[in-house]
Amino acid sequence: MNGEGSGAARQDKTLPGLAPPKPIALKDRASLVFVEHAKLDVLDGAFVAVNADGTRTQIPVGGLAGIMLEPGARISHAAVALAARVGTLITWVGEGGVRLYSAGQPGGARADRLLWQARIALDEAARLRVVRKMYAMRFAEEAPSRRSIDQLRGIEGVRVRESYALLAQSHGVDWKRRKYDPADWEAGDIPNRCLSAATACLHGLCEAAVLAAGYAPAIGFLHSGKPLSFVYDIADIFKLETVVPEAFRIAGQAAKGKLDMSPDRAVRLACRDAFRRTGLLGRIIPAIEEVLSAGELPRPEPPPEAMPVPFDTLPQTGDAGPRG
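Rules behind the numbers
Residues numbered from 1 in each chain as written. Predicted model: local features only at pLDDT ≥ 70, side-chain atom pairs only at ≥ 80, totals over all residues. Heavy atoms only, no water. pLDDT = per-residue confidence, 0-100. Helix = DSSP H or I, 4+ residues; strand = E, 2+ residues; numbered from the N terminus. Contact = heavy atoms within 4.5 Å. Pairing = 2+ DSSP bridges. Axes fitted to C-alpha atoms, helices over the stretch in contact; angles between N-to-C directions. Phe/Tyr/Trp six-rings, centres within 6.5 Å; stacked < 30°, edge-to-face > 60°. Buried < 20%, exposed > 50% of the residue type's maximum accessible area, 1.4 Å probe, protein only. Lys NZ or Arg CZ within 6 Å of the ring centre and 35° of its normal. Expected span 1.5 Å × (residues − 1). Arc of directions from axis to C-beta. Core = buried A, V, L, I, M, F, W, Y, C linked by side-chain atoms within 4.5 Å. Parallel < 35°, antiparallel > 145°, perpendicular 65-115°, else oblique. Nonpolar A, V, L, I, M, F, W, Y, C, P; charged D, E, K, R; others polar.

1. Here we look at the confidence of the model for the chain
In step 1: Per-residue pLDDT for the chain averages 83, and the proportion of residues at 70 or more is 81%.
In step 2: Helix H4 (residues 124-139) holds the highest mean pLDDT among the elements of the chain, 96, whereas helix H1 (residues 2-14) holds the lowest, 44.
In step 3: Counting contacts from residues 1-15, a segment whose pLDDT is below 50, to residues more than four positions away or on other chains yields zero contacts.
In step 4: This model gives residues 311-324 a pLDDT under 50, and the stretch forms 17 contacts once residues within four places in sequence are excluded.

Now the structure itself:
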């Protein structure tokens, strides 16, 4: 195996032409693509979804933050390898994207960033400063003073429930409470299914950003004890601004019979447009850095042999252009 690898490396060095292109920065990518009842493969050098009737749909895998594989989707080894090479997150999920089975790791973790994240999480004072910063970013106001993390979690929960009630009222949605069963998607009512589908889109996007920036999804600050605790922390900063209003808007249209597609699909399309409209992909990684910096602990210096973060914020090329 080592001999073949070194031979391939020697062969690559002798190839003429331009160097392989660098991965597209996360902020410049499209958000997510959901795939069901199709096989993903690499055919004729292209990343494609092959339907049951043999028709092919090309997917610009290098320009996506992630691909969500739902029940009925299959993927080849070549397709997984290509997605890993271009840094696109592949996630295997349940129906509606609400149950996570497995995920890739684009870019890989960075030891210096993982140590910094873990050090902040283990320092009670630093962790509280991070949680207070997330509160301020989420609600555009300072967190109440002299409150513990548990108390701030309770305050946030009350404010979120009030926001749900207000949005439901404004869109004419019959809203009772947040309730869903990941094991039985159809058992939930339409508003809850819309909300679950919307948050699944946001979680997928935030997981891709957390991994691309070199951090651990499991080391959270407000959330803890779950594989995606930090993803939930970051997603909550943007949730009320982006996907939650779209979920209630679609649920309201469904209640009035104004949808020409399933509510789940309508929510995904609405979330895609919301991500583009708010420029969310360009904001998540800077938000991660801002949140962790609030812990006020020094960032470890990366060792000289450390791999660079593949999707860090890159300097813009070209001039700024005229300003009218």
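We are not done yet, so read on.
2. A few points about the sheet that holds strand E2 (residues 39-43)
As a general point, the strands of a sheet are linked pairwise by backbone hydrogen bonds and lie either parallel or antiparallel.
In step 1: Here four strands make up an open sheet; going across it, the order is E4-E3-E2-E6 and the pairing mixed. Of all strands in the sheet, those bounded by a partner on one side alone are strand E4 (56-58) and strand E6 (74-75).
In step 2: Pairing geometry for strand E3 (residues 46-50) and E4, over three bridges, is antiparallel. Bridging across to E4, Val50 finds its partner in Arg56.
In step 3: The sheet contacts of helix H2 (residues 77-86) involve E2, E3 and E6, and relative to E2 the element is tilted by about 75 degrees.

3. Regarding the packing of aromatic side chains
In step 1: On inspection of all chains with the given rule, the structure shows five aromatic pairs.
In step 2: Between Trp175 and Phe248, the ring centres sit 5.2 Å apart and the planes meet at 75 degrees, which makes this aromatic pair edge-to-face. Linking Trp175 in the loop between helix H5 (149-170) and helix H6 (190-212) with Phe248 in helix H8 (residues 243-255), this pair joins segments that are 73 residues apart in sequence. The same class applies to Trp175 and to Phe248, which are both buried.
In step 3: Against the face of Phe139 rests Arg159, its NZ or CZ located 4.2 Å from the ring centre.
In step 4: Lying across the ring of Phe34, Arg268 places its NZ or CZ 4.1 Å from the centre.

4. Overview of H5
In step 1: Helix length check: H5 (22 residues) gives 31 Å between terminal C-alpha atoms against 32 Å at 1.5 Å per residue, within 8%.
In step 2: All buried positions along H5 are accounted for by Ile149, Leu152, Glu156, Gly157, Val160, Tyr164, Leu167 and Ala168. Summarising the axial view, the buried residues of H5 lie within an arc of 140 degrees, below the 170-degree limit, and thus occupy one face. For H5, exposure combined with an orientation more than 90 degrees from the buried face picks out Arg161, Leu166 and Gln169.
In step 3: Contact partners of the buried residues in H5: H4, H6, helix H7 (229-239) and H8.

5. Focus: the nonpolar core
In step 1: Judged by nonpolar contacts, the single largest core of 67 residues is most densely connected at Phe221, Phe248 and Ile284.
In step 2: Per-element accounting of this core gives the leading share, twelve residues, to H6.
In step 3: Apart from the residues lying within four places of it in its own chain, the contact partners of Phe221 are Gln117, Ile120, Ala121, Arg127, Val130, Val131, Met134, Ile149, Phe230, Asp233 and Leu292.
In step 4: Listed in part, the 15 residues of the second largest apolar core include Val35, Ala38, Ile59 and Ala83.

6. Considerations on unusual backbone geometry
In step 1: Backbone geometry at Asp44 places phi at a positive 55 degrees, although glycine is not the residue there.
In step 2: In this fold, Asp44 is placed in the loop between E2 and E3.
In step 3: The class of Asp44 is exposed, set by a relative accessible area of 75%.

7. Observations regarding the packing of H4 against helix H10 (residues 281-293)
In step 1: At a closest axis distance of 8 Å, the pairing of H4 and H10 adopts a crossing angle of 135 degrees. Between H4 and H10, the angle falls in the class oblique. Contacts between H4 and H10 involve Val130, Lys133, Met134 and Met137 from the former and Ala287, Glu290, Val291 and Leu292 from the latter.
In step 2: Class assignment for the residues of the contact of H4 with H10 results in six nonpolar, no polar and two charged.

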